[in-house]
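# Notes for the structure review
Take a look at the letters that make up each chain.
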Amino acid sequence: MFNQYFKKALIPLVALAIMLACAPFAAATPQPAATLNALYTSAAETLNAMSTQGSYTATAQPFTTPSLSLSSSSTPIVLQTFTAVPPIQVTRCDEAAFIDDITYSDGSVVARGGTFTKIWRIKNIGTCTWNTSYDLVFVSGERFDASNAVALPGTVSPGQTVDISIDLTAPTRAGNYIGYWKLRNASGVLFGMGTGDANIYVAVKVAGYTIAAYDFLASFCDANWTNGSRDDLPCPGTQGDNSGFVVALNSPKMENGNSIGNGLLTYPEKGNNGMIIGKYPGFRIEAGDRFQTYIGCLKNANDCDMIYRLQYQIGNGEIKTLGQWREVYEGQYYSINMDLSFLSGQKVKFIFSVLANGSSHEDFALWITPRITRQSSQPPTATATTASYP
């Protein structure tokens, strides 16, 4: 047993002796703690050196806006460009363009129940010629008591303009009103303004009243009536007077059998190319004044064929013509509605004439409610009652 313990003890001692024998040729072995501390220190220094070498200090620098510098020696830069191709314009046969409102521009004021004439200037920008088979037709809105269709006044070639007029009557209630219209060709196809076929329209403000500033019917004997050779025809005249005559009638019947108001009946001197002329005293015109009447033959005057003429004179100046219209017995009567604003401020003498177109046999000429109308904030007063003529 002792030998076993001795052997176990001897083996470590031999190993130790061998190690000690080799000791002069080996470096001293450091202590474990010292060795770890040295390693930690070396690693820290290495990391610190690496950190210092891998970083830099940022210094703010002023910002300079990039610029392009070109010199004569620079190589030209070729830029690719794109040129837009305009759309193809297609011109239609019937196409129109609005040019202007000749009368009653948008928002114009008209009196309640007053009559007025709207005029548009339209240009034919299509390829087809317009003629009297073309119409201006009502589309929607306020019709102003007008006809549903009004024929164009004549031929309008491409590129030409035309003034289209229509007689209108304002509503009796105040307010803002607008009515829309289009053109219609001979085939009945509607077309408007531009490629979008826009409507033309009349837009007015209805306010106030229309009054008779001067009533030619009530004042007809204030006029001087002549037949061209006799300067003092009696007023009122007498039926059947071969020298011609003038009388006032209550609701005479027009050639279509209708009565539309009281009227002045004028008959020219009997014979070929006879005439009757009445010159009224001067009346001062204001801006917006209008001459209005209806003209036509008396019912059953089957052979009537005559010329109506309306003239005026300022002072003793030249007699000028406002309008002239031929009337025959064809079953119709006509509205006359003329703006007198161009005479504003003038004292004007108005002259009514009826001229026989050949024989005056049945030239019984009616002027229905002839008057000068004016806009007023006050309602009209009652007018004088006219004499009757059987």
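Definitions and limits used
Think of each chain on its own: its residues are numbered from 1, step by step along the sequence as written. For this predicted model, a pLDDT threshold of at least 70 governs which residues receive local features, and a threshold of 80 or more governs which side-chain atom pairs are given and counted, while totals over whole chains, interfaces and linings are taken from all residues. Based on all heavy atoms of the structure, the side-chain values leave hydrogens and waters out of the count. In this text, helices come from DSSP runs of H or I with a minimum length of four residues, and strands from runs of E with a minimum of two, each type numbered from the N-terminal end. Relative accessible area decides the class of each residue, using a 1.4 Å probe on protein chains only: under 20% of the type maximum gives buried, over 50% gives exposed, and in between gives partly exposed. Only heavy atoms enter the contact rule, under which two residues are in contact if any of them lie within 4.5 Å. We get accessible surface area from the Shrake-Rupley algorithm with a probe of 1.4 Å; when it comes to residues, only the shown protein chains can shield them. To count as a disulfide, a pair of cysteine sulfur atoms needs to be within 2.5 Å. Two strands qualify as a pair provided DSSP detects at least 2 bridges between them. Inter-axis angles, ranging from 0 to 180 degrees, are taken between N-to-C directions of lines fitted to C-alpha atoms, where helices are fitted over the stretch in contact. In what follows, salt bridge is the name for a side-chain nitrogen of Lys or Arg lying within 4 Å of a carboxyl oxygen of Asp or Glu. Here, nonpolar core refers to any group of buried Ala, Val, Leu, Ile, Met, Phe, Trp, Tyr and Cys residues whose side-chain atoms link them within 4.5 Å. Aromatic rings from Phe, Tyr and Trp, with only the six-membered ring used for Trp, were paired whenever their centres fell within 6.5 Å, and each pair was classed as stacked if the ring planes differed by under 30 degrees, edge-to-face if by over 60, and tilted otherwise. Polar contacts, as used here, are pairs of N or O atoms within 3.5 Å; protein pairs need one atom able to donate a hydrogen and one able to accept it. Residues neighboring in sequence count only if both atoms are side-chain atoms.

### A look at the overall build of the protein chain
On a plain count of helices and strands, the protein chain comes out with 2 helices and 20 strands. Expressed as a percentage of the 390 residues in the protein chain, the buried residues total 33%. Of the contacts formed within the protein chain by residues at least 6 apart in sequence, a portion of 74% connects residues at least 24 apart. Total accessible area on the protein chain is roughly 23200 Å²; 54% of this is exposed by carbon and sulfur atoms.

### Notes on the state of the cysteines
A full pass over the atoms with the stated rule returns 3 disulfides. Across the disulfide, Cys93 is cross-linked to Cys128 (sulfur-sulfur distance 1.8 Å). With the S-S dihedral at roughly -120°, the linkage between Cys93 and Cys128 falls on the left-handed side. One end of the pair, Cys93, is in the loop between helix H2 (32-53) and strand E1 (96-101); the other, Cys128, is in the loop between strand E3 (115-124) and strand E4 (135-141), with 35 residues separating them in the sequence. Classification of Cys93 as partly exposed rests on a relative accessible area of 34%. With a sulfur-sulfur separation of 1.8 Å, Cys297 is cross-linked through a disulfide to Cys304. Judged by the torsion about the S-S bond (80°), the Cys297/Cys304 disulfide is right-handed.

### Some thoughts on the sheet that holds E3
Strands sit in the order E1-E3-E6 across an open sheet of 3 strands; the sheet is antiparallel. Bordering the open sheet on either side are E1 and strand E6 (161-169), each of which pairs with just one other strand. With strand direction ignored, the average angle separating the axes of adjacent strands in the sheet is 30°. For E3 and E6, the ladder comprises 9 bridges, and the chain directions are antiparallel. Along E6, the bridge assignment pairs Ile122 with Val162.

### Structural notes on the pattern of salt bridges
Applying the stated criterion across every chain yields a total of 10 salt bridges. With a closest N to O distance of 2.7 Å, Arg374 and Asp289 form a salt bridge. With a gap of 85 residues between them, Arg374 in strand E20 (residues 365-376) and Asp289 in the loop between strand E14 (283-284) and strand E15 (290-297) connect regions that are remote in the sequence. Judged by its relative accessible area of 16%, Arg374 is buried. The residue Arg326 makes a salt bridge to Asp305 at a minimum N-O spacing of 2.8 Å.

### Overview of the nonpolar core
Formed by 35 residues in total, the largest nonpolar core has its most connected members in Trp225, Leu264, Tyr280, Phe350 and Phe352. Sequence-distant contacts of Phe350, defined by excluding residues within four places in its chain, comprise Phe216, Gly278, Lys279, Tyr280, Ile285, Gln311, Tyr312, Leu322, Leu340 and Ile372. Among the nonpolar cores identified, the runner-up in size contains 28 residues, and Tyr104, Trp181, Phe191 and Val206 belong to it.

### Examining unusual backbone geometry
Apart from glycine, the bulk of residues carry a negative phi angle, and the bulk of peptide bonds sit in the trans form. Cis geometry marks the peptide bond from Cys235 to Pro236, where omega comes out at -5°. Mapped onto the elements of the fold, Pro236 is located in the loop between strand E10 (224-226) and strand E11 (245-249). Despite not being glycine, Asp145 shows a phi value in the positive range, around 55°. Mapped onto the fold, Asp145 is located in the loop between E4 and strand E5 (149-151). Look at Asp197: it is not a glycine, yet its phi comes out positive at around 55°. Tracing the backbone through its elements, the reader meets Asp197 in the loop between strand E8 (190-191) and strand E9 (200-215). The exposure class of Asp197 is partly exposed, given its relative accessible area of 22%.

### So, the pairing of strand E7 (residues 175-184)
Where E4 meets E7, 6 bridges bridge the pair, whose relative direction is antiparallel. Looking at the pairing, Asp135 lines up with Arg184 of E7. Between E7 and E8, which pair antiparallel one after the other, the connecting turn spans 5 residues, and Gly188 there sits at a positive phi close to 85°.

### Quick look at the packing of aromatic side chains
Per the counting criterion, the structure on display carries 23 aromatic pairs. Judged by centre distance (5.0 Å) and plane angle (40°), the rings of Phe216 and Phe352 are tilted. Taken as a pair, Phe216 in the loop between E9 and E10 and Phe352 in strand E19 (residues 347-356) lie far apart in primary sequence, 136 residues in all. For Phe216, a relative accessible area of 1% translates into the label buried. An aromatic cluster of at least three residues, connected via ring pairs, comprises Tyr214, Phe216, Trp225, Tyr280, Phe283, Phe291, Tyr308, Phe350, Phe352 and Trp367.

### Remarks on the side chain of Arg290
Here Arg290 is to be found in strand E15. Assessed through its relative accessible area of 7%, Arg290 is described here as buried. A distance of 2.7 Å separates the side chain of Arg290 from the side chain of Asn337, its partner in a polar contact. Non-local contacts of Arg290, meaning those with residues more than four positions away in its chain, are made with Tyr104, Thr115, Thr117, Asn337, Met338, Asp339, Leu340, Arg371, Ile372 and Thr373.

Keep in mind these numbers describe shape, not what the thing actually does.
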